[in-house]
Amino acid sequence: MKIAIASDHAGFDYKEKIISLIKDTGNNPVDFGTNTIDSCDYPDYAYPAAEAVANHIADFGIIICGTGIGMSIVANKVHGVRAANCITPEMARLARQHNNANVLTLGARLISIELAKEIITIFLNTEFEGGRHINRVNKIHDITGC
Ligand code: RB5
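Conventions adopted
Residues numbered from 1 in each chain as written. Predicted model: local features only at pLDDT ≥ 70, side-chain atom pairs only at ≥ 80, totals over all residues. Heavy atoms only, no water. Helix = DSSP H or I, 4+ residues; strand = E, 2+ residues; numbered from the N terminus. Rg over C-alpha atoms; globule rule 2.2 N^0.38 Å. Buried < 20%, exposed > 50% of the residue type's maximum accessible area, 1.4 Å probe, protein only. Areas by Shrake-Rupley, 256 points an atom, 1.4 Å probe, with all protein chains shown as cover. Lys, Arg positive; Asp, Glu negative; His and termini not counted. Charge placed at Lys NZ, Arg CZ, Asp CG, Glu CD. Phe/Tyr/Trp six-rings, centres within 6.5 Å; stacked < 30°, edge-to-face > 60°. Lys NZ or Arg CZ within 6 Å of the ring centre and 35° of its normal. Pairing = 2+ DSSP bridges. Axes fitted to C-alpha atoms, helices over the stretch in contact; angles between N-to-C directions. Contact = heavy atoms within 4.5 Å.

Caption draft 1: Structural detail: the overall build of the chain. Scanning the chain from N- to C-terminus turns up six helices and five strands. Listing each helix as α and each strand as β along the chain from the N terminus yields β-α-β-α-β-α-β-α-β-α-α. The C-alpha atoms of the chain give 14 Å as radius of gyration, which agrees with the globular expectation for 146 residues (15 Å, within 12%). In terms of principal-axis extent, the alpha carbons of the chain reach across some 45 × 25 × 25 Å. The burial tally for the chain puts 49% of its 146 residues in the buried class. Approximately 7200 Å² of the chain is accessible, and the part contributed by carbon and sulfur atoms is 51%. Across the chain, 13 positive and 16 negative side-chain charges occur, with their mean positions spaced 7 Å apart.

Okay, structure coming up:
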């Protein structure tokens, strides 16, 4: 799978480690930056990574900032994106099963890299359940136009 990945300065260290994890698991990371620990603005990196998912250039996105919150706010403004900020493996599982989330956002200042990797593994390996969730997920886009 192709995974769009991005971070700001707060998530840079995790991004580099997550890129290695993605490669080690036979997937293909597409890196949208940032490329240094210099202070920067998370929308500049969240938006193009989320667009890559919306345009089907990538299958999923993983975007990291200090809390994951700024990244999720930006990504959820891209039409077709359903971004979930997860701090537990259970949240990652349910974000896929119930919400068909296609972007995972992570807070590097909130969770350890080990936990982040666990969350990613669950996120990338859990299928959408469909069924009663299909209408609800469709309504996210129909009602909001986003
Ligand atoms: C950067 O200091 C921090 O505000 C950013 O990484 C993120 O947590 C915003 O949501």
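After that view, the rundown keeps rolling.
Caption draft 2: Examining the packing of aromatic side chains more closely. Using the criterion set out here, one finds one aromatic pair in the structure. Sitting above the plane of the Phe123 ring, Arg96 keeps its charged end 6.0 Å from the centroid.

Caption draft 3: Spatial organisation of the sheet that holds strand β2 (residues 28-31). Spatially, the five strands line up as an open sheet ordered β2-β1-β3-β5-β4, and their pairing is parallel. The open sheet has two edge strands, β2 and β4 (83-85), and neither has a second partner. Strand-to-strand twist in this sheet, taken as the mean axis angle between neighbours without regard to direction, amounts to 25°. Examined bridge by bridge, strand β1 (residues 2-7) and strand β3 (residues 60-65) share five bridges and lie parallel to one another. When the bridges of β3 are listed, Ile3 appears paired with Phe60. Contacts from helix α5 (residues 113-124) reach β1, β3 and β5 (103-107), with the element oriented near 170° to β5.

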